[in-house]
Structures are given as structure tokens and as C-alpha cells.
Amino acid sequence: MLLAFSGAYLFALSVLHLIPEVYASNVKWIGAYVLLGFFLQIILEVLSQGIEHGHIHVHQDHAHAFPMAMMTGLCIHSFLEGMPLVQTFGGTATQASLLFGIILHHVPVALALMSMLLQSHISKNAAVFYLFIFALMAPLGAFASQAISESTMKELSGFFDCIMAVVIGIFLHISTTILFENDKDHRFNYFKLLIIMLGAGLAFLAM
Ligand SMILES: [Zn+2]
Ligand SMILES: [Zn+2]
């Protein structure tokens, strides 16, 4: 239910706030950056096995090796998502709803990652350490893009619009996948529909 809620929130946030904001910018071919993010996420999921959806797709027999590729894919995903979290892009409201969206869908991801780590042959302390590395990635992305914007004298609003467009592509991919996977048998579930409406409604209220 948390997954369905976060998927609906991310999708509505992208459609209601983020997409109109970047398409209003002066960047040429801004739509191409959205597509770039979408296809980049497809490639990242080859590494991460789709743990970004907050569940484990890996076959249990293969689950005892340390999930290095998964960590790598997930960390790149998280780093990229953190990059638009700087004051230069959008207003405070956009920043807050973006931050909330990232936190919301990374809670089930952290749970899935931790259970993967505990199943592999590493100590509990090492598992907590890798969880901490994952938690660091989004803030690190934000600091990196902040540093890039401060180190150059040029007007960089276009740079942030491009990064935001890439992250929108990532959001569109994971949010729709979460919603589709959440409803595998196409059974109608009133409660889940309500949860999805609430997730989308929350993004609407944040305008
Ligand atoms: Zn999935
Ligand atoms: Zn994410």
C-alpha cells in the first residue's frame, strides 16, 4: 500500500508540477532529456534488478552473493535523484514536494535493500554500512550539483532544467512500473484505488 501510494504520488508530482515547470524553460529539446532519464532507468534496472520499485525481483537461489551490481545501480539512481534538490531549481514548494517524493519511495527501497544485504554473506554491521552508503547518495547528488553551480560563473538555470528533466524521466519509469506491478492480476481493489487517489491528491494539494 505504501508502494502504491508512493507510485501515485511520484506520477502525479511529475505530471502536475515538474513537467510543466521544465517545459516552461528555454532549454531546447527538453523532452529529449526526459526520454534520456526514462531509458537510463531501464539500463540502471539491469544492474539493480528493479529494487527501486521497493521489492526484490531476484530469484532467491541467487540471493546469497553480495549484491554489488544492485548497490551500484541503486546508488546511481539515488545520486541522480538528489541532483535537482538545490535552491536554484524551482521554488521552495517544488523542492519540498520533490524531497518528499524521494523519501517516500526510498522507504520501501531501503527495506528491500536491507533484506537483500542480510541474506548475503556479510555481517550485520557491514549491511548497515551499505545501507548508510545508499542513504548518502541523494544528499551527495544535491551537494555535487550545488558545487557545480557555484564553481561556474555562467547562468546555469538551463543545467538544472536538464537534470530535472532526466529525473522526471526516471520518475515516470519507476512510478508507472510500481503502479503496474502493484496490480498484477488486474483484480479490482477499492482500498488500493483509494490509496492511489490519496497519493495523487497529495501531489495536487502541494501546488
Ligand atoms: Zn518491480
Ligand atoms: Zn529513487
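Below is a summary of the structure that appears in this document. (Residues numbered from 1 in each chain as written. Chains lettered and ligands numbered in written order. Predicted model: local features only at pLDDT ≥ 70, side-chain atom pairs only at ≥ 80, totals over all residues. Heavy atoms only, no water.)

1. Observations concerning the coordination of the zinc ion (ligand 2)
Here is the rule: Metal-coordinating donors are taken as N, O and S atoms lying within 2.8 Å of the metal, or within 3.2 Å when the metal is Na, K or Ca; because water is left out, some sites can appear incomplete. Between buried and exposed lies partly exposed: a residue is buried under 20% and exposed over 50% of the maximum accessible area for its type, with that area taken using a 1.4 Å probe on protein chains only.
Within the protein, the zinc ion (ligand 2) binds to His77 (NE2), Glu81 (OE), Glu81 (OE), His105 (NE2) and His106 (NE2); these donor distances fall in the range 1.9 to 2.6 Å. Donor residues binding the zinc ion (ligand 2) come from one chain and are separated in sequence as H-x3-E-x23-H-H. Each member of the pair His105 and His106 is classed as buried.

2. Notes on helix H1 (residues 2-23)
The criterion, for reference: Numbered from the N terminus, helices here are DSSP runs of H or I no shorter than four residues, and strands are runs of E no shorter than two. What a helix is expected to span follows from its residue count: subtract one and scale by 1.5 Å. Each residue is assigned a bend, namely the angle between axes fitted to the seven residues that terminate at it and the seven residues that start at it.
Its 22 residues place the ends of H1 30 Å apart at the C-alpha level, agreeing with the 32 Å of an ideal helix rising 1.5 Å per residue. The largest bend along H1 reaches roughly 40° and is located at Ser14.

3. So, helix H5 (residues 124-151)
The terminal C-alpha atoms of H5, which comprises 28 residues, lie 40 Å apart, in line with the 40 Å expected from a rise of 1.5 Å per residue. Residue Met137 marks the point of greatest curvature in H5, where the axis turns by about 30°; the proline Pro139 follows within four residues. Looking only at H5, the buried set comprises Ala127, Phe134, Met137, Ala138, Gly141, Ala142, Ser145 and Ser149.

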